[in-house]
Every structure is written in C-alpha cells, then in structure tokens.
Amino acid sequence: MAKQVQKRNVPVLGIDAGGTMTDTFFVDQEGDFVVGKAQSTPQDESIGLLNSSVDALALWEMKVESVFPQMDTCVYSGTALLNRVVQRKGLKIGLIVNKGCEDFHRMGRAIQSYLGYAYEDRLHLNTHRYDAPIVPRKLTYGVTERTNLFGQEIIPVYENDVMQAAKELVKANVEGIVISLLHSYKNPTNERKVRDIVLSELKRLKANIPVFASSDYYPVRKETHRTNTTILEAYAAEPSRKTLQKINHAFKKYGSRFEPRVMATHGGTISWKAKELARTIVSGPIGGVIGSKYLGEQLGYKNIACTDIGGTSFDMALITQGEFTIQHDPDMARLVLSLPLVAMDSVGAGAGSFIRIDPYTKSITLGPDSAGYRVGVCWAESGLNTVTVSDCHLVLGYLDPANFLGGQINLDIERSRKAIKEQIADPLDMSVEDAASGVIELLDNQLRDHLRAMISAKGYSPANFVCFSYGGAGPVHTYGYTEGLGFEDILVPAWAAGFSAFGCAAADYEYRYDKSLDLALDQFAPKEAAVKAIKEIRLAWEELAVKVREEFAINGHKAEEIILRPGYRMQYRGQLNDIEIDSPISIEQAVSEIEWNRLTQAFEETYSRVYASSAKSPELGFSITGAIMRGTVPAIKPKIPNDPYTDKIPAQKAYVGTRPFYRHGKWFEANLYSMKDLKSGNHIVGPAIIESDATTFVVPFGYETHLDAHKLFHLKQIKTTEEAKAAAKKSKEGLNNSPTQV
C-alpha cells in the first residue's frame, strides 16, 4: 500500500476503535501509510489498539517499540463513551435545577419517547416509552431563583436552598453535581453563583466532587438539550477520560511522547484532556466523513455520498459542494442533546447483525443487535448461537474461512451452514444457499432504500454524486446497495477497512465553541441597530475565542499558533430553521453596519444554494441565533497515493485462484485476487473477489472495476448480460496470458 524506505519516520497514528474491529492508520514523513486491523477488546481497548498497531507496522517491517517514541500525533475515535450512555453505566450524578422544575429532566421532551423507533411504532402512542432518567428524581433538587427569557433577574438566588441541596447530595454519595437553571445561556450570573456556593459548601464538607454548570459548558438555548448534554459530561465523559488515560498509559509503556487527541462531533479533533469531552460521544463514523471530505478536496470531488458498513451499523452522510452539514440538536442514546454534530444517518445493520425469523409474519428480520467483535456462529470461540450476516457471507463464498483478518481467526463454514439450516432455511422451506442469499439481498435492498431516501429527502439526485464505500464490510456490499441508483461514480479505497482511521489522521486539530444569541433586525434596520448587533456578536466571538485559547494552552500551544475562524447561525425572522455560516469577516473587523451587511449577504448566498434563490425572504428581516468560534492548529496529514499506471491485465502474482460464489440462485466460479498485489491501471471483470487481510471487495457477474493511480477502485455495472458475458470471457483469456510480474 505504501512504498518501502530504508529509514522511515512515522509521526502520525489514526485509530478507529469500533464495536467489532479496531483499525490503526500510520502515516510516515512522506505521507505514505499502512493500515492495521485487529479484533476490538472492549474490556481493555489498549489491547486491541496495540494488536492492530503490530499488524499495521509489520507491513513496514517495524515494531511499536521503535515507532511510538518518534510519533508526534495520535488521533483516537471510538464508541466507548456512547456505549457507556446506551448501557447506562456511568457515574452517580446529582442535579440542581429551579424550584418547581425538578421533574423536567425525568419528563424529557416528547420526541425522546420514540427516538430510535421504526416508522410504524412512531405512529402509535401505545408503543412509546421513556427510558429511566440518567439522574433519578430523588437526586434532583430545586433551588429558588428565576432569570427570565430576556436574561433579567426576577428572583435572586436563595443561598440556603443551594447549601441544603449540596448537603443532601453529599449525603447521597454522588460522584458529580450538575447545575442547570432556566435561561442561564442568556445570563449565566445566577447559575454561576449557585455553582460557587456549591463549591464552597463542598469544600466546607471536605467532599471532592466535581461540579458542572451548564453555562460553563454549553451556553445554548433549549433546557432539556442543554441539561442532558451537561449531565453526559459528568455521567459518561469523565469515566471515558479514564479510559483514554489508560490507553495513553499503555502507549507510554512503549516509549510514546504524544498526548492522544480524540475525534469530536463537529469534525475536528480535541485533546483527551479537553474540558468538554462529551463532544466525543460519537467519533468513529465521523472519521469516515472527514476522510471523504479530505480525499474529495485532494482529488476534486465536491459532491460525495459517504457510506460506511462495519460490524454493527450502516452510516451515511452527504458532502455537498465540498462541505458537510452540521446538526445542532442531535439525538444519541434516546436523548436530545446540544452538540454540533456532523449530520449523519445510521441504520442498525452490519456484517455482525443477528438474523432471526419473525414468529408471526415468518419474515426475516435483521438486527438491530449485533455480534460485535464475535463475528458469528462461524467462529467457534464466539459463544454465539444466533446466525449473523457474516455467516451468510461465508456459506455464499464471499469470505475465505482460512483468511479472515489475515488468518488471525479461523472460521468454520459447517457451523454456519448448520445454524442457517436450522434457524432460517428449514423454517422457510429453502436451501441453505437460497436462505443466505435472501438475507444478503434483503440487507442490500434495505441499505439501498435508506441511501436513496437520504439523498432524495434533501432534494438531490444520486446522479450528481460520487459514492465512497468503505468500512470493513463496505466493499462486500458496495455493488448491492448502489445497484440502480445511478451514481456518477462508485469508489472503494484500497484502504477501505481503515478509512475512518484515515479520516482521523486527516482531521484538523480543532476546538469549537457555540453560544446562543438573539439578534433580530429588519431588512432596512437603522445604522445604530446594525452597529449594536455587530458589536454584540463580536463580544460573543471574543468570549468564545478565550475558551478556544484556554483549551489549546492545556496542550502547550501559544495563541499565535492558533487560526481563529468565527462563524454564526442565521435565519430569516419567523422561520424555524437557521443555517450555519463561516463568517466573511474576522473578529477585529466586526465594528460597523457595513460588516453586518456582509454577514447578511453571506447568509443569503448560502440560503440560495441550500434552498433556492426564489425562496429568499429578506423582507422578513434577519435573525442571528448563535455565535460560533473555531480554533485550528495545523497538523500533518496523509498523502494521497499517486502511483504510475501499469498494464490493464493484472500480473499473475495478483491472481490467487478461484472460489465458488453464489448469487441469484446459481453458483459462479469467481476469480480471486490479492488486493495488495494489484497495480494502478489493473482492470477486473466479475465474477471476482479481491481480498486483503482487512476486507473483501466483491465484484459479481455483471460488474467490472479498475484501480486508479490513487489506490481507488472504480466499480461499474455492465449494461447488458451479453456484454457482461463477453467481458468476463475476454478477462479470463487476458488473465491466462498475463505477465508473471509488472
């Protein structure tokens, strides 16, 4: 995958610790890279990381002991924090709110009663339910205080209430205290006063308990969202910080000098020591989107449909005109949150998804639960009895049972056949092959429908997009979930299995902070009003810039090293949805009504691209709903391969034999190729299976692919059956006459 050099300096490591596999992505000083893969080890993630690192560095004939001491950067992404929230295995937290509002966290928002439900269940109220609150009612205390929606104090803080609440929470042995008062995003004075009283009381009681005030972390509107997010900071982020600390300690044993960074929800990376670690609640899938954006920038692809299949889920995102969308009120683990999140759609279906027969309809159901790192019944040591998608892959010839993860795990095809026969084939009166093939077709159809819906729901056509397919199981299903959608091109990176880790290595070192604002002006507002508004947003930017600099200072970066990028959220007055805009002016330029006009102009240009020019409504006036500040420190990024083209026919070295492959009710003899031995320019006609230690790329009959100079496979469907037969025959003849080496 990368050229060999005698003396290689390796400064960058990207990590994607998924629920099934852990991928590592090492980048040397020239930008060349290698990818490693190993089973995830949820009980101690550092074990899987080190195993994956050993696997990757073996390709360069290097060892972790020699590489870790020379590294400058390590970027981690994983699911540990999200899993902790989903499984409700966090710390014991107390909550202080306004008196009279003690039940609002327990009640939640109505949407939380059906988050994650299928469409048919969302329609019926009797199926809705609320999860138990993260903070139980008995650990929630109200204090007398009231700040109104304009930020004006109506009732001062009753200090005795606060001290009593602190005493009770200490007595209850809580491990963290969250404070969230109404409208504190507008005026944090009273909330911070409550925080200081609690800290003083804790000191008096000699209780070492961390305190989290929502205005210190997430000063944004919507009480439930803001409170949930601050609670996650105390409940799950702090334990996850200990996990990262453990990983850091494991690396230090091998001489590392770097401090790990973590992929954040907004698409940048932050230090594991960062104050707001809840921003890393979902990081793995985001790495793939960042990698797609970076690859698109390097190669000129502006509209990209990102698709990622791992062991547990199918994740999708759109990049339009070189930019991804940021969602400001996402939901995670059936909780609404206040976090800037790269907009993605996920389906609980992957290579490890369990397959069952619905006892009432006798239809096949996929997931949403998954085998995770245990693969399927085919792995004797898995302890599983329920069939997974991977079992179907095995009996249909998609996978080599002796070469899963490069032979690290031996799979037993007879175990899979027996389980599929008993659990799926016999109940449906089908052969084992037809049952397994039906599962794969059902999965591909579901994924295709989700992908089509995501694109069309945003008003786009697949014909205007290239599709990037990656993840450990992405190349196995690329042909199936893209069939008939009409993408401009379909690309599968040769390093697809480690693509999210590649995205981590390509991500900026970036902190981002948001603050809610309420600045509303008419279309032809007087000069004084425009000046007042522009000065108010400047004050917000300056406040957020301080927080950005403070975070970078923790890791030793000086203010002059940081590139500040202000932004804002704006909408037409009276409309429901705002748009995030990169500011056309700097902080220092925000002084006059001219700059206000530049902000509105940038908004209208973006609005006309997102919707249509005819939809612009300046007569309604403009409203800035939030200030945004990003701070970036330049980081080393991987170089995109650019190899010279060779012969169209693969060398004999790349051809490793044939294997029976079942699809559409018949067996085919598929040609097998070694992915690492294919060269730029090689052209392959299906049926073919291209294998690496980390993934398998399936090219069925009726499809063809070629490998370009950038190590990207381009998948194309052949128009007619006759053309497909002729192409397969010609390919076979060319293979028999191929050179022994290139």
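Computed from a predicted structure; not experimentally measured. (Residues numbered from 1 in each chain as written. Predicted model: local features only at pLDDT ≥ 70, side-chain atom pairs only at ≥ 80, totals over all residues. Heavy atoms only, no water.)

Further remarks concern the overall build of the protein chain. Counting secondary structure elements, the protein chain contains 18 helices and 35 strands. For the protein chain, whose C-alpha radius of gyration is 27 Å, the value lies close to the compact-globule estimate of 27 Å for 742 residues. Seen through its principal axes, the protein chain has C-alpha atoms that stretch 85 × 55 × 55 Å. Among the 742 residues that make up the protein chain, the fraction classed as buried is 58%. Once local pairs closer than 6 in sequence are excluded, the contacts in the protein chain between residues at least 24 apart make up 69%. Working note: accessible area of the protein chain is about 30900 Å², and carbon and sulfur atoms make up 50% of it. Side chains of the protein chain give 84 positive and 89 negative charges; the mean places of these two sets differ by 3 Å. (Helix = DSSP H or I, 4+ residues; strand = E, 2+ residues; numbered from the N terminus. Rg over C-alpha atoms; globule rule 2.2 N^0.38 Å. Buried < 20%, exposed > 50% of the residue type's maximum accessible area, 1.4 Å probe, protein only. Contact = heavy atoms within 4.5 Å. Areas by Shrake-Rupley, 256 points an atom, 1.4 Å probe, with all protein chains shown as cover. Lys, Arg positive; Asp, Glu negative; His and termini not counted. Charge placed at Lys NZ, Arg CZ, Asp CG, Glu CD.)

This part covers the packing of aromatic side chains. Taken as a whole and judged by the stated rule, the model has 32 aromatic pairs. Between Phe68 and Phe251 the ring centres are 5.0 Å apart and the planes differ by 75°, which places this aromatic pair in the edge-to-face class. In this pair, Phe68 is assigned in the loop between α2 (64-67) and β4 (73-78) and Phe251 in helix α9 (residues 223-252), connecting sequence segments 183 residues apart. Residue Phe68 shares its accessibility class with Phe251, and that shared class is buried. On the numbers, 5.6 Å between centres and 45° between planes, the contact of Phe212 with Tyr217 is tilted. (Phe/Tyr/Trp six-rings, centres within 6.5 Å; stacked < 30°, edge-to-face > 60°.)

Take helix α17 (residues 593-610) next. The end-to-end C-alpha separation of α17 is 26 Å, in line with the 26 Å expected for 18 residues at 1.5 Å each. Among the residues of α17, Glu595, Trp596, Leu599, Thr600, Ala602, Phe603, Glu604, Thr606, Tyr607 and Ser608 are the ones counted as buried. Tucked inside the fold, the buried residues of α17 contact β25 (509-521), α16 (527-554), β26 (563-572), β27 (579-582) and β28 (622-633). (Expected span 1.5 Å × (residues − 1).)

So, on to the sheet that holds strand β32 (residues 688-691). One open sheet accounts for 4 strands, arranged β29-β30-β32-β33; its pairing is mixed. The outermost strands of the open sheet, each flanked by one partner alone, are β29 (655-663) and β33 (696-699). Within this sheet the neighbouring strands show an average axis-to-axis angle of 25°, counted without direction. (Pairing = 2+ DSSP bridges. Axes fitted to C-alpha atoms, helices over the stretch in contact; angles between N-to-C directions.)

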